[in-house]
Amino acid sequence: MTLNSVNTNMGAMVALQSLNATEAQLASTQKQISTGYRVADATDDGAAYAIAQGIRSTVGSLTTANQQLGNVQGLLSTTSSALNNINTTMASMRNVLVDLATSSVTGDQRTEYENQYQSMLSNVQSFIQDASYEGKTLIGNITGGSGTFGSAAVTRNESGDLYTIATIGGSALYGSINVGTSVLASATQVQALLTTTGTFLNIQAKIGEALNTVGNSVNYVNNQITYNNTKIDALNSGLGSLVDANLAQESAQLTALQIRQQLGTQALSLANQAPQTLLSLFK
C-alpha cells in the first residue's frame, strides 16, 4: 500500500496503536500506585484475586475466633479468681472444723467457732454466686447467682471447631459443706467430715481439680490465640506477596510511560501532518 495517500495514513495508524498501548500500560501503573495493589480486583488477575479473597476470608474468620477466645479469657480469669478465694476460705474453714472436732470445745467457745464457720460459708456462697463474666458463669448456679450456668463452648479456629470448657457444680459444692448447726454441734460428726473419705476433704480435692482444669483451659486458650495470630501474620505475608504492588518499580515505570506517552503524542501529531505535504505537489 502506498504511503502517499490521503485516505489511509499508515504512519498515523501505527503511532495511534503505539500511543493506545502506552496509555493502557500507564493506566495499569497508575492504578497500582493509587491502590497499592498489583491485583486490586478480578480484572487485574482473576485467579490471583480469587485466591486473595479466600485468604482474606480466612484471616477474618481467625480474627473473629480470637475475639471469642478473648471473651473466654475473661470468664476463665473470673472463675479462677473465685475458685482461688473458695480454696483459701475452705482452708480456713477446715481449721475451724479441727477445733470443732475436739470434744473439749464446748459452750460459748463452740458457738463462736460455729458462727465463724457459718460466716466463711457465706463467703463461699458469695464467691460462687458472683463468679460471672458478661452474664455467663462456670460455677455460679446457686439461686440468686448473677450468671447463667452452663458449658462454655467457644470457636477456636477459622473452621468453626469448638473448644469446650468444663463447668463446676457450685450448687452441689455449696450444699456439701453447708452442714448445718446440728452437725457442727457434734464433735463426732465433725470428725467424720475431716476423714480421708469425709465430705469436706472430698470437696477440697474437687476444688483443687477444678483449679487445675481452669488453669489448663487458660493455657489452652492463650496458646490458641497466639497460634491464630501467628497464622494470621503468615497469611497476610502470603497475601502481600500475591497482590501487593512493587511501588518503587511502578514509580520508575510511571516516569518511563509518561515520557513514552509524550513521544507518542508528538509522533501521532507528525504522522497526521504527513498527508499535507502532498499539497505541495499541486502548487
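Read on for an overview of the structure.

Each value, and the rule that gives it
Residues numbered from 1 in each chain as written. Predicted model: local features only at pLDDT ≥ 70, side-chain atom pairs only at ≥ 80, totals over all residues. Heavy atoms only, no water. Helix = DSSP H or I, 4+ residues; strand = E, 2+ residues; numbered from the N terminus. Buried < 20%, exposed > 50% of the residue type's maximum accessible area, 1.4 Å probe, protein only. Polar contact = N/O pair within 3.5 Å; in protein donor to acceptor, adjacent residues only side chain to side chain. Contact = heavy atoms within 4.5 Å. 1 Å grid on protein atoms, 1.4 Å probe; cavity = no way out; pocket = protein on both sides within 12 Å on 5 of 7 lines; lining within 4 Å. Points joined across faces, edges and corners; volume = space filled by probe spheres on them. Nonpolar A, V, L, I, M, F, W, Y, C, P; charged D, E, K, R; others polar. Pairing = 2+ DSSP bridges. Salt bridge = Lys/Arg side-chain N within 4 Å of Asp/Glu carboxyl O. Phe/Tyr/Trp six-rings, centres within 6.5 Å; stacked < 30°, edge-to-face > 60°. Lys NZ or Arg CZ within 6 Å of the ring centre and 35° of its normal.

Moving on, we get to unusual backbone geometry. Its identity as a non-glycine residue notwithstanding, Glu134 has a phi of 50 degrees, on the positive side. On the secondary structure map, Glu134 appears in the loop between strand E1 (132–133) and strand E2 (136–137). Overall, Glu134 belongs to the exposed group, its relative accessible area being 65%.

Glancing now at the side chain of Arg110. The residue Arg110 is located in helix H3 (residues 107–129) in this model. A polar atom in the side chain of Arg110 sits 3.0 Å from the backbone oxygen of Leu184. In contact with Arg110, not counting residues within four places along its chain, are Leu100, Thr102, Val105, Leu184, Ala185, Ser186, Ala187 and Val190.

The subject of this paragraph is the layout of surface pockets. Its volume calculated, the largest pocket comes out at about 190 Å³. In terms of lining residues, the largest pocket is bounded by 12 residues, among which Asn71, Val72, Leu75, Lys136 and Ala152 are the most central. Classifying every residue of the lining of the largest pocket by side-chain character gives six nonpolar, four polar and two charged.

Moving on, we come to the pairing of strand E5 (residues 162–165). The two faces of the sheet receive side chains in turn, since in a regular strand these alternate between them. Taking every second residue as pointing to the same face, the buried face of E5 carries Tyr163 and Ile165, while none of Leu162 and Thr164 on the other face is buried. Sheet topology places strand E4 (residues 152–155) next to E5; four bridges connect them, and they run antiparallel. Among the inter-strand pairings, Ala152 is bridged to a residue of E5, identified as Ile165. In sequence, E4 turns back onto E5 through a hairpin of six residues, with Gly160 there showing a positive phi of about 80 degrees.

Attention now goes to the pattern of salt bridges. Taken as a whole and assessed by the stated rule, the structure comprises three salt bridges. For Arg156, the salt bridge identified is with Asp161, shortest N-O distance 3.8 Å. Here Arg156 falls in the partly exposed class, since its relative accessible area comes to 23%. For the salt bridge of Lys231 with Glu158, the shortest nitrogen-to-oxygen distance reads 2.6 Å. Note that Lys231 is positioned in helix H7 (residues 199–243) and Glu158 in the loop between E4 and E5, a separation of 73 residues in sequence. Residue Lys231 is classed as partly exposed on the basis of its relative accessible area, which comes to 27%.

Attention shifts here to the packing of aromatic side chains. This model, assessed by the stated rule, comprises one aromatic pair. With a centroid separation of 3.9 Å and an interplanar angle of 15 degrees, the aromatic rings of Tyr163 and Tyr220 are classed as stacked. Of this pair, Tyr163 sits in strand E5 while Tyr220 sits in helix H7, placing them 57 residues apart in sequence. Tyr220 sits in the partly exposed class, given a relative accessible area of 28%. Against the face of Tyr37 rests Arg56, its NZ or CZ located 5.6 Å from the ring centre.

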